[in-house]
Amino acid sequence: MVRKLKLSVRLFLFRLVNWVSRRFFASRLSFSHVEAFLFNNSFRKFINFLHAHYEKYLGKTEVKSFPYLFVFEVTNVCNLKCPFCLTGKGISGGRDVRHMSFDEAKKIIDQVGEYIYMMQLYTWGEPLLNKDIYRIIEYAKSKNIFVMISTNATMLNKVNSEKLVNSGIDYVMVAVDGGSNETYEKYRVGGNYEKVLENVKNLVNARRTLSKVHPFVEWQFIVFRHNEHEVKQVEAMCYEMGVNKFTPLPAYVEDESWLPVGDEYKVEVFNPERLMNCDRPWTHLNVRADDGVAPCCYEFKKEDDFGTLVDDAFRPIWNNHHFRTSRKLIVQKRKGLEVDKEDIICYECLTSGIRPSFIDSPVESSDTGLKIAIKNVG
Ligand SMILES: C[S@@+](CC[C@H](N)C(=O)[O-])C[C@H]1O[C@@H](n2cnc3c(N)ncnc32)[C@H](O)[C@@H]1O
Ligand code: SF4
């Protein structure tokens, strides 16, 4: 029944919950998180959610709770060559480049699914290239999990759009950064603007003709210098098409000449010290297409993984040396203690705030190619 609730009612509930969250916890929530919490909940999930945060609050490094958010990379293959995306550059990070099969996905979901509020079925790669994705979504939905993807929309022909709507997916983000062929193809190299536009229409039409409320469709527009003049025009167009939300997104760039210049989309160098309270090792499970368990979605290289999951049990991995060390570092930092030097990626991580200063030692990873990270000032 709740899945049939009108969008206006769901948006009202979202604003209400978000107001409470901002007012009392100074934290802004996304629509998808609120939907997952309101409509994909259970007593078991809620108790586990409280337990995970309590264990983090206590600074526990060995935990009894389960993660409640699941970032699941169903493929690390892509058909485009976006120049600042590691997959687009053809970098594998030492991983097998492959699709996760339904059977593998099921094995993992069976271990943690009853605690999971939301599954994000992508990290690096185009999720709709995996032919098993519709079955994976259906299976996750049978476990009452909120499911979302971000897609470059190249695969959304009429048949796939209907399959996606029928799978029961809750949220689809279409990543289309431009309002013309010239601007779109500058970043989405290998894509075709007319075709993806048609594809977004296929998705919205499939939802209408199948008389479904879901998925909520968000159009994500990464703002670069070459497309910033088209943002308003695309925003107006996408609402006319029946897209539910338009989001201009600040870009990661490797070359400052790609940065927008207009006041509205001005950016500043990202200051990671503002993000010093990482809770991912208590709350998020990240599994890669090669079944590697990563500490978070920023991690890319196989050698930085914390474990592998398909054939191994979840619980020992969740409390293995890597996870315990990661939690220890975060707790040390939070308590203002001296942080032990440890040979895991979290020690160097910018978002955990463990690394003392981004400004003193700017990011210049030749592996990742990400030289500057930026965020929207406004
Ligand atoms: C690596 S992609 C994988 C999913 C899918 N292939 C896609 O492009 O939507 C994950 C997310 O990163 C976003 N992304 C790609 N390049 C970006 C950039 N330079 N800056 C910010 N976000 C970017 C994509 O739009 C997408 O939402
Ligand atoms: S479409 Fe997505 S995964 Fe593919 S290259 Fe672009 S950003 Fe990367």
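Scroll up a little and you will see the structure.
Trainee: What is the right way to read the overall build of the protein chain from this model?
Mentor: Looking only at helices and strands, one finds 13 helices and 11 strands in the protein chain. Sequence-distant contacts in the protein chain: of pairs separated by 6 or more residues, those separated by 24 or more amount to 71%.

Trainee: Could you clarify how one ought to interpret the site of ligand 1 in this entry?
Mentor: The environment of ligand 1 is formed by 17 residues, the closest being Phe84, Ser150, Ala175, Ala251 and Tyr252. Considered class by class, the residues forming the shell around ligand 1 number 12 nonpolar, 4 polar and 1 charged.

Trainee: I would appreciate a short explanation of the pairing of strand β6 (residues 245–250) in the present structure.
Mentor: As a general feature of sheets, a regular strand has side chains that alternate between the two faces. By the bridge criterion, 6 bridges tie strand β5 (residues 216–223) to β6 in an arrangement that is parallel. Its bridge partner being in β6, Trp219 is matched across the sheet by Phe246. In this view, the connection linking β5 to its parallel neighbour β6 by way of helix α9 (residues 231–241) has right-handed handedness.

Trainee: Sorry if this is basic, but what is going on with the environment of Trp282 here?
Mentor: Position of Trp282 relative to the elements: it lies in helix α10 (residues 280–283). Considered as a pair, Trp282 and Arg324 are 42 residues apart in the sequence and their alpha carbons are 10.0 Å apart. Not counting chain neighbours up to four residues away, the residues in contact with Trp282 comprise Ala52, Glu55, Lys56, Val63 and Arg327.

Trainee: Please clarify how the sheet that holds strand β8 (residues 284–287) should be interpreted in this entry.
Mentor: Sheet strands pair by backbone hydrogen bonding; their relative direction is either parallel or antiparallel. Within the open sheet, the 9 strands sit side by side as β6-β5-β4-β3-β2-β1-β8-β9-β10. Their pairing is mixed. Two strands lie at the open edges of the sheet, namely β6 and β10 (307–308), each paired on one side alone. Across 2 bridges, the pairing between strand β9 (residues 292–294) and β10 is antiparallel. Following the sheet pairing, Gly292 is matched in β10 by Thr308. Most of the contacts of helix α2 (residues 31–39) go to strand β3 (residues 146–151), to which it runs at about 160°, and overall it touches β2 (118–120), β3 and β4 (171–175).

Trainee: Would you explain the packing of helix α4 (residues 102–112) against helix α5 (residues 133–142) in this entry?
Mentor: Interhelical geometry of α4 versus α5 gives an angle of 20° and a closest axis separation of 9 Å. Accordingly, the angle class assigned to the pair α4 and α5 is roughly parallel. Here α4 and α5 pass one another in a crossing that is right-handed. Here Phe102, Ala105, Lys106 and Ile109 of α4 lie close against α5, whose contacting residues are Arg135, Ile136, Tyr139 and Ala140. Within the contact of α4 with α5, the residues separate by chemical class into 6 nonpolar, no polar and 2 charged.

Trainee: What is the right way to look at the pairing of β4 in this model?
Mentor: Of all 5 residues that make up β4, 5 are buried, and the element is covered over most of its length. Burial along β4 is two-sided: the residues Tyr171, Met173 and Ala175 and Val172 and Val174 are all buried. Here 4 bridges tie β3 to β4, and the two strands are oriented parallel to one another. By the bridge assignment for β4, Ser150 is matched with Met173.

Rules of the game
Residues numbered from 1 in each chain as written. Chains lettered and ligands numbered in written order. Predicted model: local features only at pLDDT ≥ 70, side-chain atom pairs only at ≥ 80, totals over all residues. Helix = DSSP H or I, 4+ residues; strand = E, 2+ residues; numbered from the N terminus. Contact = placed C-beta atoms within 7 Å. Near = placed C-beta within 6 Å. Nonpolar A, V, L, I, M, F, W, Y, C, P; charged D, E, K, R; others polar. Pairing = 2+ DSSP bridges. Right-handed = clockwise from strand over helix to strand, strands pointing away. Axes fitted to C-alpha atoms, helices over the stretch in contact; angles between N-to-C directions. Parallel < 35°, antiparallel > 145°, perpendicular 65-115°, else oblique. Left-handed = near helix turned anticlockwise from the far one by under 90°. Buried ≥ 20, exposed ≤ 12 C-beta atoms within 10 Å, placed from the backbone.

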